[in-house]
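Structural overview
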Amino acid sequence: MLAKSLLNAPGTRALLKRVQANAFAKRLVDRTADVVLGNVRNYRLILQSAANSPDESALDALFSTLPSPRPVADIRSDAPVMLVIDDLGSGGAQRQLALTARLLRDSGIKGVCVVCRSASVESADRGGFVRSELDQSGIAVVKSNGGRAGPQAAMLEQLLGHAMGYDVARLQKLFEYTKPAVVHAFLDWPNITAGLAGVLAGVPRIVLSGRNQAPHRLGLTHPALSPLYRKLSRCQAIRLTNNSAAGARDYCEWLGLPEDTIEVIPNGFEPRSIDE
């Protein structure tokens, strides 16, 4: 309802009329609207599926039985590097993911792959704003919610709610099958689901990238986020990062973690894109 009201507001309608003559601008607005409405629907289902906080003793039991990360010496030379995000819409995190993927590939790393939850992975015309860039670079994009979940799916769904447990179970099975050397997640929902799936699958290196502000300031209030972030921060394979010092401080304050827990990695850019 909120997203529809915003899209139907007089100011929004006036802006849409002004861009009708510009085909590119119209496609951009259409794609962004699709992504916004899709994310609103996704998060409504997510929050409805997790009205109660997860049982802390059950979380402690889950983390007490985690496997050790696979030794770095045992990583195959062709092991993939998997970048995980919800969608490929027109956001800053999506741009950073695409840039990271291309620079990793250009540096000679084989098997760079993007894992995406949303249907926008299918084409640029369905909200996948950076999909064409990834396609042109020869970087594979796969959906994380395909196939059957692993044997822990029922337990994870009971503990975390259907939406989060579903995502974790399917990512865990994907990571167990592909055995990536690194999993790098962007934004809070992928951070938690890919982070937990990664430690369950024994992934040796997992990077969780927060952006700008802690999720409670943006209305994402899933009750498992903060306890899972805290528990993941203590895992050997996990590295927490943020794109600004202010964002890192905000996350640390929200989670009650020491300020040096989260490493700051500023956004990257390509100088040639400015020249063009």
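The following paragraphs examine the structure supplied in this document. Along each chain, residue indices are assigned from 1 in the same order as the chain's sequence is written. At least 70 in pLDDT is required for a residue's local features to be given in this predicted model, at least 80 for side-chain atom pairs to be given and counted, and no such filter applies to totals for whole chains, interfaces and linings, which use all residues. Side-chain measures were taken over the full set of non-hydrogen atoms in the model, leaving aside hydrogen atoms and water.

Attention now moves to the side chain of Ser209. Residue position: Ser209 is located in strand E5 (residues 205-210). Think of a polar contact as two N or O atoms within 3.5 Å of one another; within protein, one of them needs to be a possible hydrogen donor and the other a possible acceptor, and neighboring residues in sequence only count if both atoms come from side chains. Among the polar contacts listed, one links the side chain of Ser209 to the side chain of Arg211, at a separation of 3.2 Å. Contacts are assigned to residue pairs with any non-hydrogen atoms lying within 4.5 Å of each other. Look past the residues within four positions of Ser209 in its chain and what remains in contact with it is His184, Ala185, Phe186, Leu187, Asn191 and Thr241. Helix and strand assignments come from DSSP, with helices taken as H or I runs of at least 4 residues and strands as E runs of at least 2, each series counted from the N terminus.

Another point: the pattern of salt bridges. Counted as salt bridges are all cases of a side-chain nitrogen of Lys or Arg within 4 Å of a carboxyl oxygen of Asp or Glu. Scanning all chains against the criterion turns up 9 salt bridges. With a shortest N-O distance of 2.5 Å, Arg95 and Glu133 are connected by a salt bridge. On the criterion of sequence distance, the pair formed by Arg95 in helix H5 (residues 92-106) and Glu133 in helix H6 (residues 131-136) is long-range, its members being 38 residues apart. Given a relative accessible area of 38%, Arg95 falls into the partly exposed group. Taken together, the salt bridges that share partners define one network made up of Glu56, Asp60 and Lys231. Remark: exposure states derive from per-residue accessible area (1.4 Å probe, protein chains only) relative to the maximum for the residue type, with buried under 20%, exposed over 50%, and partly exposed in between.

A few words on the packing of aromatic side chains. Two aromatic rings from Phe, Tyr or Trp, using only the six-membered ring of Trp, form a pair when their centres are within 6.5 Å; if the ring planes differ by under 30 degrees the pair is stacked, by over 60 it is edge-to-face, and anything between is tilted. One pass over the full model with this rule turns up 3 aromatic pairs. For the ring pair Tyr229 and Tyr251, a centre distance of 5.9 Å and an interplane angle of 80° mean the geometry is edge-to-face. Linking Tyr229 in helix H10 (residues 225-233) with Tyr251 in helix H11 (residues 245-255), this pair joins segments that are 22 residues apart in sequence. With respect to class, Tyr229 is no different from Tyr251; both count as buried. Measuring from centroid to centroid gives 6.0 Å for Tyr251 and Trp254, while their planes differ by 80°, and the two rings are edge-to-face. Taken as a pair, Tyr251 and Trp254 lie in helix H11 at a separation of 3 residues, close to a single helical turn. Linked through ring pairs, Tyr229, Tyr251 and Trp254 together constitute an aromatic cluster.

Within the sequence span of helix H4 (residues 56-64), burial applies to Leu59, Leu62 and Phe63. The arc that holds every buried residue of H4, seen down its axis, measures 90°, which confines them to one face. Where H4 is buried, its residues touch helix H7 (153-160), helix H9 (188-201) and H10. Working note: the arc is built from the helix axis to C-beta atom directions.

Moving on to helix H8 (residues 162-178). With 17 residues, H8 extends 24 Å from end C-alpha to end C-alpha; this agrees with the ideal 24 Å at 1.5 Å per step. Of all the residues in H8, the buried ones are Ala163, Met164, Gly165, Asp167, Val168, Ala169, Arg170, Leu171, Gln172, Phe175 and Thr178. Of the residues one or two after H8, Lys179 is the one with positive phi, at around 50°. Here a helix's expected span is defined as the number of its residues, less one, multiplied by 1.5 Å.

With that out of the way, let us pick up the packing of H4 against H10. It is at 11 Å that the axes of H4 and H10 come closest, and there the two elements cross at 30°. Taken together, the axes of H4 and H10 lie roughly parallel to each other. Classified by chirality, the crossing of H10 by H4 is right-handed. Seen from H4, the contacting residues are Glu56, Leu59, Asp60 and Phe63; seen from H10, they are Pro227, Leu228, Lys231 and Leu232. Taken together, the residues that form the contact of H4 with H10 break down as 5 nonpolar, no polar and 3 charged. A fitted line through C-alpha atoms serves as each axis, taken over the contacting stretch for helices, and the angle formed by two N-to-C directions is quoted from 0 to 180°. Each angle is binned into one of four classes, with values under 35 degrees roughly parallel, values over 145 roughly antiparallel, values of 65 to 115 roughly perpendicular, and all other values oblique. Handedness of a crossing follows from how the near helix is turned relative to the far one, being left-handed for an anticlockwise turn of less than a right angle and right-handed for a clockwise one. Note that Gly is not counted as nonpolar here; it falls among the polar residues with everything else outside the nonpolar set of Ala, Val, Leu, Ile, Met, Phe, Trp, Tyr, Cys and Pro and the charged set of Asp, Glu, Lys and Arg.

Below, the discussion takes up the packing of H9 against H10. A pair of packed helices is characterised by two quantities: the angle between their axes and the separation of those axes. It is at 10 Å that the axes of H9 and H10 come closest, and there the two elements cross at 45°. Classed by the angle they form, the pair H9 and H10 counts as oblique. The element H9 and its partner H10 pack so that their crossing is left-handed. In this structure, H9 contributes Asp188, Asn191, Ile192, Gly195, Leu196 and Val199 to the contact, and H10 contributes Leu225, Leu228, Tyr229 and Leu232. Looking at the contact of H9 with H10, its residues break down into 7 nonpolar, 2 polar and 1 charged.

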